[in-house]
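Now for the letters of each chain:
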Amino acid sequence: MTFSIYDFTSFTQSVDKFLYENLTPFWALIVEMTIIGLVVLVFYALVGLFLVYAERKVCAFMQNRVGPNRVGPYGIVQTIADLFKLLMKELIYIKNADKLLFNIAPFIVIIASFMAISAIPFAKGLHAIDFDIGILYVIAVSSLGVVGVLLAGWSSNNKYSLIGAMRSGAQIVSYELSVGLSLLTIIILAGTMQFSAIVAGQENGWFIFKGHIPALIAFIIFLIASTAETNRGPFDLAEAESELTAGYHTEYSGIKFAFFFLAEYMNMFIVASIAATVFLGGWMPFHVGGWEGFNHVMDFIPPLFWYFGKTAFVIFMMMWFKWTFPRLRIDQLLTLEWKYLLPINLVNILLMAFVVLMGWHF
Amino acid sequence: MNSFFKYFTDIFYAIKSLLTGMKVTGRYFFSPWEIVTQQYPENRKKLKMFDRFKGEVIMPHNERNEHRCTGCGICETNCPNGSIEVVPVRINMPDGKKKRIIDKHIYHLSMCTFCALCIKTCPSDALAWGQEFEHAVFDRTKLTKILNQPGSSITKDIEE
């Protein structure tokens, strides 16, 4: 078994071979799925905890504050303490709530983001499942989360929850279009929907540089639309603290609330990693076509580092948006999508198709 | 045609105004030395309150242990909460006259609303604001303070 931080293919294949040699194919598959499930679960929890801490610190610095700094050095244990607090809180059962839907809703939200994460390539060979329609799968699965949000709002028997959920529904139906179309722009350039092929296609330059103007426009539109899709500020009408207390998760407490909370941050991570993979090259180091020496130097930095660096950059951009801009009204939200983003996006796809047709990309 | 141009100018104006906002928050993010939050218990030793801070009412004494209070009782009359009690005494002056001076200037911090009426109305500027703000005590009798120091007397430069 060889282990290399630059290429995980031989490592994962040797684990796969070992399991199939020692077990029947059925049990080998079950064990593999369990291992991947556990790895993703641990990753999920760690990333969620870290992102909550990062969000609080970034927000604090942007508002000239210090942020959490009491629990542990620089407050790094704060989110773990918060997690234990949430785990120990009482689960309150709402009178006249639809019990079944009320209990299912947080699981739908969290499973949707859980399914999306499995299709994302973290490094070469570190990729749970490589569909040849990877992008389509991620778009389909990540928008399932809104079903959970709608169920939560409907079953809580609370007007604030219902209004929040309905807003979330309207928002996702609108912005899903922009997310899909901006990714489609890059699919035209890449010529494939498979994540591994998209990353491999960026070996001599990331798509945001290769597709220059239309790719840059698509990237900006994707950033805006995906911020809206994850229900984050300035598009957080679904939970609008100042008017709807907490929107669709007003009635949830304890670990069920934690599920919604965690799913929100994981959706942000997933969206950021899609942006990083599709536009910024995923785990692919910064390469310039033709510059062999420069590309070799960049190859020394491990792919995991590149991947997390780019994702962190996109996440930071999204946090920057959230803590700078005021929340949009529902009519402004829909105007932005239907009158600005969608027409620009359609023209942009046409432009990209023309650029690809004429061979004007790099 | 006009509305066609307006559509695009709107977009550019919107992007410009968004970037203006992001510049402000971005500058704050990258300049952590501008943070205004006080790390209170840690910076206790070097914490200096601002000049106009209303900590408590004090009676300044000079280096010869002299204060400026004539014992007129205006502060006691003006206090809306009755948190000041002036206890005067009459003493015989060497020239045979009698003079009213203070025995005790009692200040109940527990009743004070920090309205500053006593300080503003004092004709001889005998009272002032102190900077002390850590007033927590275990026994509320400790909040009753005698502002004039033991053995102090009135300064000579107060006009009668």
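Because the structure is predicted, anything quoted here is derived from the model rather than measured.

Student: Can you explain the overall build of chain B? Please cite residues and give values.
Tutor: Counting its secondary structure elements, chain B contains three helices and seven strands. In sequence order, chain B lays out its α and β elements as α-β-β-α-β-β-α-β-β-β. Against the globule reference of 15 Å for 160 residues, chain B gives a C-alpha radius of gyration of 28 Å, more extended than a compact globule. Principal-axis analysis of the C-alpha atoms gives chain B an extent of 100 × 40 × 30 Å.

Student: Which residues make up the overall build of chain A, and what are the values?
Tutor: For chain A, the count of helices and strands is 15 helices and zero strands. Here chain A has a C-alpha radius of gyration of 21 Å; the compact-globule value for 362 residues is 21 Å, and the two agree. Summarising its shape, the C-alpha atoms of chain A cover approximately 65 × 55 × 45 Å along the three principal directions. Looking at chain A as a whole, 41% of its 362 residues are labelled buried. Relative to all contacts within chain A whose residues are 6 or more apart in sequence, the contacts with residues 24 or more apart total 78%.

Student: Explain the domain arrangement of chain B residue by residue, including any values.
Tutor: According to the domain assignment, chain B consists of domain 1 (2–34) and domain 2 (56–154). Relative placement of domain 1 of chain B and domain 2 of chain B: their C-alpha centres are 57 Å apart.

Student: Any chance you could break down the sheet that holds strand E4 (residues 98–108) of chain B for me, citing the residues and the numbers?
Tutor: Residues and elements named next belong to chain B. Here we have three strands laid out as an open sheet, ordered E3-E4-E6, and antiparallel in their pairing. A single partner strand is all that each edge strand has here, and the edge strands are strand E3 (84–92) and strand E6 (144–146). On average, adjacent strands in this sheet sit at an angle of 25 degrees to one another, irrespective of strand direction. Note: E3 against E4, nine bridges, orientation antiparallel. Bridge pairing in E4 links Val86 to His105.

Student: So, helix H10 (residues 212–229) of chain A: which residues are in play, and what are the values?
Tutor: Residues and elements named next belong to chain A. If you check H10, its first and last C-alpha atoms are 25 Å apart, about what 18 residues at 1.5 Å a residue would give, namely 26 Å. Where H10 is concerned, the buried positions are Pro214, Ala215, Ala218, Phe219, Ile221, Phe222, Ile224, Ala225, Ser226, Thr227, Ala228 and Glu229. In the core, the buried residues of H10 are packed alongside helix H7 (159–190), helix H9 (207–210), helix H12 (254–278), helix H14 (303–322) and helix H15 (330–358). Immediately beyond the C-terminal end of H10, within one or two residues, lies Asn231, with a positive phi of roughly 60 degrees.

Student: Tell me about the packing of helix H2 (residues 25–62) of chain A against H12 of chain A, and name the residues and values.
Tutor: Residues and elements named next belong to chain A. Closest axis-to-axis distance for the H2/H12 pair is 9 Å, and the angle between their directions is 95 degrees. Taken as axis vectors, H2 and H12 run roughly perpendicular relative to one another. Facing H2, whose interface residues are Tyr44, Val47, Gly48, Leu51 and Val52, H12 presents Leu262, Tyr265, Met266, Met268 and Phe269. Of the residues that constitute the contact of H2 with H12, the class distribution is nine nonpolar, one polar and no charged.

Student: Account for unusual backbone geometry, naming residues and giving values.
Tutor: The phi angle at Asn64 of chain A is positive, at roughly 60 degrees, despite the residue not being glycine. Position of Asn64 of chain A relative to the elements: it lies in the loop between H2 and helix H3 (78–88). With a phi angle near 55 degrees, Asp125 of chain B is a residue other than glycine that sits in the positive phi range. Along the chain, the position of Asp125 of chain B falls in the loop between helix H3 (117–121) and strand E5 (128–130). Residue classification places Asp125 of chain B among the exposed positions, given that 11 C-beta atoms sit within 10 Å.

Student: Provide a residue-level description of the interface of chain B and chain A, including the pertinent values.
Tutor: Counting from both sides, the interface comprises 13 residues of chain B and, opposite them, 11 residues of chain A. A class-by-class count of the residues in the side of chain B that touches chain A yields eight nonpolar, four polar and one charged.

Conventions adopted
Residues numbered from 1 in each chain as written. Chains lettered and ligands numbered in written order. Predicted model: local features only at pLDDT ≥ 70, side-chain atom pairs only at ≥ 80, totals over all residues. Helix = DSSP H or I, 4+ residues; strand = E, 2+ residues; numbered from the N terminus. Rg over C-alpha atoms; globule rule 2.2 N^0.38 Å. Buried ≥ 20, exposed ≤ 12 C-beta atoms within 10 Å, placed from the backbone. Contact = placed C-beta atoms within 7 Å. Domains from an automatic or database assignment. Pairing = 2+ DSSP bridges. Axes fitted to C-alpha atoms, helices over the stretch in contact; angles between N-to-C directions. Expected span 1.5 Å × (residues − 1). Parallel < 35°, antiparallel > 145°, perpendicular 65-115°, else oblique. Nonpolar A, V, L, I, M, F, W, Y, C, P; charged D, E, K, R; others polar.

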